[in-house]
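Structural characterization, general
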Amino acid sequence: MSANTAGVGTAGFRIGPADDADEFEQELWANVDEVPDPHIPVSLVDMAMIYDIQADGGHVTVTMTYPCMGCPAYDMIQDDVRAVLRTVRGVTDVTIEVTWDPVWSKDMLTDSAREELRDAGIGL
């Protein structure tokens, strides 16, 4: 999925920037869409782990979740998100907010993410 176009997961969960997102916000989403889940070959955006990206001047706040609590890759994933966003012109600071509301579910995945997982031999 291209982060430049908002999508909807199979449970109706919105994935990607809002329809009225400006060019800067679309670029932020596109960059985060390049960050893969460290365990499976799908981006964090396609995994529906990124709930929101907000920019206030150069300060960017990413609201995200994880498929499970206690994931050993929390720090690595957050470092990857910060690193990819810091490459965007105008970004001066990145804050990650982790939320469990709504709780992540495989039902949030897009059809394309489901297909990628099946192709990788990962059952849902």
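Refer to the structure printed above.
Residues numbered from 1 in each chain as written. Predicted model: local features only at pLDDT ≥ 70, side-chain atom pairs only at ≥ 80, totals over all residues. Heavy atoms only, no water.

1. Side note on the pairing of strand 4 (residues 59-64)
Strand 4 sits mainly inside the fold: five of its six residues count as buried. The sheet contact formed by strand 3 (residues 50-56) and strand 4 spans six bridges and is antiparallel. When the sheet's bridge partners are listed, Asp 52 is paired in strand 4 with Thr 63. Hairpin connection from strand 3 to strand 4: two residues lie between these consecutive antiparallel strands, with Gly 57 at a positive phi of about 65°. Two elements, strand 4 and strand 5 (residues 93-98), share six bridges in a ladder whose sense is parallel. In the strand pairing of strand 5, Thr 63 is matched with Glu 97. Handedness of the crossover is the feature at issue here: the chain leaves strand 4, passes through helix 2 (residues 74-85), returns alongside strand 5, and the resulting connection is right-handed. (Buried < 20%, exposed > 50% of the residue type's maximum accessible area, 1.4 Å probe, protein only. Helix = DSSP H or I, 4+ residues; strand = E, 2+ residues; numbered from the N terminus. Pairing = 2+ DSSP bridges. Right-handed = clockwise from strand over helix to strand, strands pointing away.)

2. With respect to helix 3 (residues 111-119)
Those residues of helix 3 that fall on the buried side of the exposure criterion are Ala 113, Arg 114 and Leu 117. End-on view of helix 3: buried residues confined to an arc of 100°, all on one side of the axis. Opposite its buried face, helix 3 presents the exposed residues Asp 111, Arg 118 and Asp 119, each directed more than 90 degrees away. (Arc of directions from axis to C-beta.)

3. Things to note about the packing of helix 1 (residues 23-32) against helix 2
The interhelical angle for the contact between helix 1 and helix 2, taken along N-to-C directions, is 135°, at an axis separation of 9 Å. Between helix 1 and helix 2, the crossing angle belongs to the class labelled oblique. Helix-helix and strand crossings are classified by hand; for helix 1 and helix 2 the assignment is right-handed. Seen from helix 1, the contacting residues are Leu 28, Asn 31 and Val 32; seen from helix 2, they are Val 81, Val 84 and Leu 85. Taken together, the residues of the contact of helix 1 with helix 2 break down into five nonpolar, one polar and no charged. (Axes fitted to C-alpha atoms, helices over the stretch in contact; angles between N-to-C directions. Parallel < 35°, antiparallel > 145°, perpendicular 65-115°, else oblique. Left-handed = near helix turned anticlockwise from the far one by under 90°. Contact = heavy atoms within 4.5 Å. Nonpolar A, V, L, I, M, F, W, Y, C, P; charged D, E, K, R; others polar.)

4. Re the pattern of salt bridges
As enumerated under the stated definition, the model contains two salt bridges in all. Between Asp 79 and Arg 82 there is a salt bridge, and its shortest N-O distance comes to 3.4 Å. You can see Asp 79 and its partner Arg 82 sitting in helix 2, three residues apart, about one turn around the helix. Asp 79 gets classed as partly exposed once you look at its relative accessible area, which sits at 45%. Close ionic contact of Arg 114 with Asp 107 constitutes a salt bridge, the shortest N to O distance being 3.8 Å. For Arg 114, a relative accessible area of 15% gives the class buried. (Salt bridge = Lys/Arg side-chain N within 4 Å of Asp/Glu carboxyl O.)

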